[in-house]
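# Working through the structure, step by step
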Amino acid sequence: MTPRAADRARYDRATAHLDAPVAIVDLEAFDANAADLVRRAGGKPIRVASKSVRCRALLERVLARDGFAGIMSFTLDESLWLARAGFEDVLLAYPSADRSGFGELTRDPKLAAAVTVMVDDVAQLDLIDAARAGGTEEVRVCLELDTALHLFGGRIRVGARRSPLREPAQLAELARSVVRRPGFRLVGIMAYEGHVAGVGDAVAGRPLRSRAVRLMQSAARKELAERRAAVVRAVRAVAPDLEFVNGGGTGSVQHTAAEDAVTEIAAGSGLFVPRLFDNYTSFTGRPAALFAQPVVRRPGVGVVTVLGGGYPASGVAGPDRLPVPYLPEGLRYDSQEGPGEVQTPLLGSPADDLRIGDKVWFRHAKAGELCERFESLHLVEGDRVTATVPTYRGEGMTFL
């Protein structure tokens, strides 16, 4: 029996009492992935990206481990909810225009002490001030650095379009605006190099593309390390008491941690290890989060149909954004249908051994987005479900 076949047998036994669709987290794999992230971080604390987990019980589990500290959230509403629930260090990774949320933040000392907001434009400070509605609490602020790699004099850009702040002088100027402005305190800098941390460099069957990605990432790491250090020096000259410099992501943990200017690493997807994180030379994780769909039809030889399954991930639409049939091994989509909203045909010889009601296990392309489809996660240890915990959706929280 192969290791994957053994996992399938465990998952089937653990969930035999549960009807599919169902989502699980293998806690042994989850904990092993957490330990590997800590090892790769080389002693620097890891801030957990909540968008990649979207389950409070699992956020609590990983933050209870040595080597993890704080949360990186994705909306202001989520940040306030987590702070009200007792999480004491929440960094909002994206600027917000949530006026009511800022009003609440500036009226509540506990929330204001726990939440740090992201800023890359003076206009965002203006919006926060206009939303105070009498709130006088000091707002903790983090500046975001654009990490994109510019080639050929800027004619080619590699990396996400995030902050407009690229050069040390630009960040220093905004830092001065924050420091001079009553009601705000500059506490951090964030720089997420998604083109390094979130792009696989060993894509199966594509050796030339993989080599090109490795060359790009090597150049990007070198350029960013130099620029990030200069930015930190420039901002610290304005705000000497800066508390943190955040960088990295699951795919770049050890590289970013090696930079002296960086004080903490962000990571989240590496806990679940979805399919997009299979293609890296720098680390190998264990798939920890899976979902199962039930076989409901057997249309012919070598074909079964499962209920639902059309759960595409965000990003540029393409095959790599689709869930992948994982267990039993050897199933594939029908190229004429793919994963569907209400049914998904699957082809391959393993289909002939599946019966009506059997489970087919899938891996999602990205991490936390799976939790937008399920109200609960069943936590598996060995061949038993030892707990069932709500996702954000299961708690009635859909922040985006």
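Look up: the structure comes first, before these words.
Just so we're clear, the structure is a prediction, and the values are computed from it rather than from any experiment.

Generally speaking, a soluble globular protein has its nonpolar side chains buried in company with each other. Membership of the largest hydrophobic core comes to 88 residues, with the highest contact counts inside it found for Leu 58 and Val 117. In terms of residue count, helix α2 (residues 27-41) provides more of this core than any other element does, six residues in total. Counting residues domain by domain, this core receives three or more from each of domain 1 (1-20 + 287-389) and domain 2 (26-271). Among residues more than four places away in sequence, those in contact with Leu 58 are Val 25, Leu 27, Phe 30, Val 53, Phe 272, Leu 377 and Leu 379. With 12 residues, the next largest nonpolar core counts Ala 14, Leu 18, Ala 20 and Val 380 among its residues.

For helix α4 (residues 76-84), the tally of buried residues reaches seven of nine residues, placing the bulk of the element in the interior. Within α4, burial applies to Leu 76, Glu 78, Ser 79, Leu 80, Trp 81, Leu 82 and Ala 83. Check the buried side of α4 and you find it contacts α3 (56-63), β3 (68-73), β4 (90-92), α5 (99-107), α6 (109-114) and β5 (115-119).

On to the packing of α4 against α5. Across the interface, α4 lies against α5 with an axial gap of 9 Å and an inter-helix angle of 30°. As α4 packs across α5, the resulting crossing turns out to be left-handed. Taken together, the residues of α5 that come into contact with α4 (itself represented by Leu 76, Leu 80 and Arg 84) are Gly 101, Phe 102, Glu 104 and Leu 105. Of the residues in the contact of α4 with α5, the class split is four nonpolar, one polar and two charged.

The next point concerns the sheet that holds strand β2 (residues 46-49). On the basis of which strands lie adjacent, the closed barrel formed by eight strands has the order β2-β3-β4-β5-β6-β9-β10-β11 and parallel pairing. The average undirected angle you get between the axes of adjacent strands in this sheet is 30°. Relative to strand β11 (residues 264-267), β2 runs parallel, the two sharing three bridges. Note on β11: the bridge partner recorded for Ile 46 is Ile 265. Contacts from helix α10 (residues 207-238) reach β9 (184-191) and β10 (244-247) within the one sheet, and its direction differs from that of β9 by about 175°.

Rules behind the numbers
- Residues numbered from 1 in each chain as written.
- Predicted model: local features only at pLDDT ≥ 70, side-chain atom pairs only at ≥ 80, totals over all residues.
- Heavy atoms only, no water.
- Core = buried A, V, L, I, M, F, W, Y, C linked by side-chain atoms within 4.5 Å.
- Buried < 20%, exposed > 50% of the residue type's maximum accessible area, 1.4 Å probe, protein only.
- Helix = DSSP H or I, 4+ residues; strand = E, 2+ residues; numbered from the N terminus.
- Domains from an automatic or database assignment.
- Contact = heavy atoms within 4.5 Å.
- Axes fitted to C-alpha atoms, helices over the stretch in contact; angles between N-to-C directions.
- Left-handed = near helix turned anticlockwise from the far one by under 90°.
- Nonpolar A, V, L, I, M, F, W, Y, C, P; charged D, E, K, R; others polar.
- Pairing = 2+ DSSP bridges.

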